[in-house]
Amino acid sequence: MKKVLVISGITASGKSSAARRFAQKCGAEIVSCDSTKVYRHYDVGTNKPTKLHRSVLKHHLVDFVTPGSVQYSAGEFFDDAQVALTDIYRRKSSAVVVGGTWMYLRFLLYGKPSTGKVDPQARELVSHVLDLCKPDWGYASSLLEVVDPGAAQMVARNNWSRLSRYLEIFFHSGTTVSDHGRLGGSPGGDGLLGYGEYDFRPIFLVAPTAETWKRIDNRCRSMLRDNGIIEEVAFLLENNLIPDGFAVSRSVGYAETKEVLLKFARGVEQTRKRPAVVHYVEQMVYNNRKLARKQLKVFKQEPDFVWVDTVDAQILDETLVHLFQCSREDFDAYRNAREEMFLKERTLTRDREAMKMVKPRKYSETILDKFFMRDVQRRIETLAVRVRKKLNITQNDSGAPTKRHSQCNANNLLPSIERHAHRRVSSRWLSA
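Residues numbered from 1 in each chain as written. Predicted model: local features only at pLDDT ≥ 70, side-chain atom pairs only at ≥ 80, totals over all residues. Heavy atoms only, no water.

## Focus on the pattern of salt bridges
Okay, so step 1: This structure, assessed with the given rule, holds 23 salt bridges.
Okay, so step 2: The salt bridge involving Arg215 is made with Glu211; its shortest N-O contact spans 3.4 Å. Of this pair, Arg215 and Glu211 both sit in helix 9 (residues 209-227), 4 residues apart, which is roughly one turn of that helix.
Okay, so step 3: By relative accessible area, which is 22% here, Arg215 ends up partly exposed. (Salt bridge = Lys/Arg side-chain N within 4 Å of Asp/Glu carboxyl O. Helix = DSSP H or I, 4+ residues; strand = E, 2+ residues; numbered from the N terminus. Buried < 20%, exposed > 50% of the residue type's maximum accessible area, 1.4 Å probe, protein only.)

Written out as C-alpha cells, the structure is:
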C-alpha cells in the first residue's frame, strides 16, 4: 500500500511549516486539506502558502475555486484528493496531506458517504423550515433528533449548516446519515483506516496551551499589521467576492474584518460603548482561541490520530519522518504507546486550567498597544471610504441610532483606545 502522511492540528499549531519541512526532507508533494485555501483571493486569513513556497514545493488543491461561483463541498474535496494522490504516485513521488478541516479529513481517511447530491427542492424546503425555527436552536435540533438521534448528537450547538445538511439528506432520500455507510467504514474499525491502495498515517499536532495562545496572538497581529487582512477583505467586498451565504465568508478573520469595515462604511465607530476597532481586534483573537479549543475537542474523538508535541521542532521533524517510514504495525504501536496517551491526557485536562489562567494583562499589552491600534484604526477608516463608495453605502443606513465620536478619526479615538488597551479583558471572554 502507498503510504500517505496526514498532518493535522489546531489552528496556529505549525501544521503547514511542519509539512513543508517534511516535504523537503522526503521529496514529497503537499495536498491541502483546508476548506478555505481552495478559494482564490483568500490568502492572508487562510495562511495560504506563498508563491515562493509553491514554486519550491508542489502544492495541490490550493487556490483553484472562484469564490461566489460555487460552494466547495467535502464530497468534491474527496474526489479531487483522489485525483491528486493518483497523479502524485503515478509520478513515483510521495504525498503529505496537511490541514485542519475535520469533515474533509474524515472523508479522506474513511471514505465518502453514499448519500449523493441533494436535489434543490429538498434544500429549499429545509432552508424554509430552519428559517421559521431560527433563532431557536433547541427546537430546530429537535427535528433532527426525531428522524436521526445518532446524527443529532454529532451536531454542535448553533451549527446550522451541518443541521441543514443532515435534514436535507433525510428529505431527499428518506434515509438518515446513520443509515449511509462510508466507503472505508468508520473510525476505530479493524482495517478500515486506509481503504483501497493508501495507507494513511494521521498525525495531530499539539502544544501547551499558553504557547498556542501566544502563537495565535502573534498570528493575529501579523495578519493585521504585516500581511494586510484588512486590505484583502476590502478588495473582496469591492468585488463582491465575500457573499454572506458562503461558509468561507464566516471563517475566523474574514467575518470580523468584514463586519468592522461595513460598520465604518455606515458610520458606526462605536460598539457596546467601546470603539469598534478595539472590539474587532479582541474578537478576532478570541474567536481564533475559541476555534482552537473546538478543534481540540473534536479531534479528541478521533481514535486513529497520533498526537505529537510541537515544542521541539527538530524532534517533531524526526518523529514525522519515522512515522512515515515505519511499518503499519510500528505506527499502530506508537499510537497506542503510553507516552502518546499521556500527551493527550495532559493536553485535554491540565491545559484546561491553563486556558483559564492566561493573563488578560498580557493579552492586552501584546495585541492592543496604542501605536498598533492607531495604525489599524487609520487603515480601516481609509478602506471603509472606498468600500462605501464602491457599494453605494450611505452612512448609518442600518436605520438604527448609533453612538459616534465627533469628528471620528484615529487621533481623537486614541485616548479611548488607550484606555481599553490596558483594561483587563472580561473573564467571560477567556472562559467561554
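Picking up after the structure, the text goes on.
## Considerations on the packing of helix 10 (residues 229-238) against helix 17 (residues 370-391)
Okay, so step 1: Two elements in contact, helix 10 and helix 17, have axes separated by 10 Å at closest approach and are oriented at 5 degrees. Our classification of the angle between helix 10 and helix 17 gives roughly parallel. Residue-level contacts link Ile230, Glu231, Ala234, Leu237 and Glu238 of helix 10 to Val376, Arg379, Ile380, Leu383, Arg386, Val387, Lys390 and Leu391 of helix 17.
Okay, so step 2: Of the residues belonging to the contact of helix 10 with helix 17, the class tally is 8 nonpolar, no polar and 5 charged. (Axes fitted to C-alpha atoms, helices over the stretch in contact; angles between N-to-C directions. Parallel < 35°, antiparallel > 145°, perpendicular 65-115°, else oblique. Contact = heavy atoms within 4.5 Å. Nonpolar A, V, L, I, M, F, W, Y, C, P; charged D, E, K, R; others polar.)

## So, the environment of Tyr198
Okay, so step 1: Mapping Tyr198 onto the fold places it in strand 5 (residues 198-206).
Okay, so step 2: Overall, Tyr198 belongs to the buried group, its relative accessible area being 2%.
Okay, so step 3: The residues contacting Tyr198, other than those within four sequence positions of it, are Met1, Lys2, Val4, Gln82, Leu85, Thr86 and Tyr89.
Okay, so step 4: Engagement of the side chain of Tyr198 in a polar contact is seen with the backbone nitrogen of Thr86, the distance being 3.4 Å. (Polar contact = N/O pair within 3.5 Å; in protein donor to acceptor, adjacent residues only side chain to side chain.)

## Section: the pairing of strand 2 (residues 28-32)
Okay, so step 1: Counting buried positions over the 5 residues of strand 2 gives 5, a clear majority of the element.
Okay, so step 2: Of the two faces of strand 2, the one carrying Ala28, Ile30 and Ser32 and the one carrying Glu29 and Val31 are both buried.
Okay, so step 3: The sheet contact formed by strand 2 and strand 4 (residues 94-98) spans 5 bridges and is parallel. Its bridge partner lying in strand 4, Ser32 is registered against Val98. (Pairing = 2+ DSSP bridges.)

## Comments concerning the sheet that holds strand 2
Okay, so step 1: Within the open sheet, the 6 strands sit side by side as 3-2-4-1-5-8. Their pairing is parallel. Looking at the sheet topology across the chains shown, the edges are occupied by strand 3 (59-60) and strand 8 (306-309).
Okay, so step 2: On the sheet, helix 12 (residues 276-299) packs against strand 1 (2-9), strand 5 and strand 8 and is oriented at approximately 135 degrees with respect to strand 5.
Okay, so step 3: Sheet strands in contact with helix 14 (residues 328-335) are strand 5 and strand 8, and its direction is about 25 degrees off that of strand 5.

These figures come from the coordinates and say nothing about function on their own.
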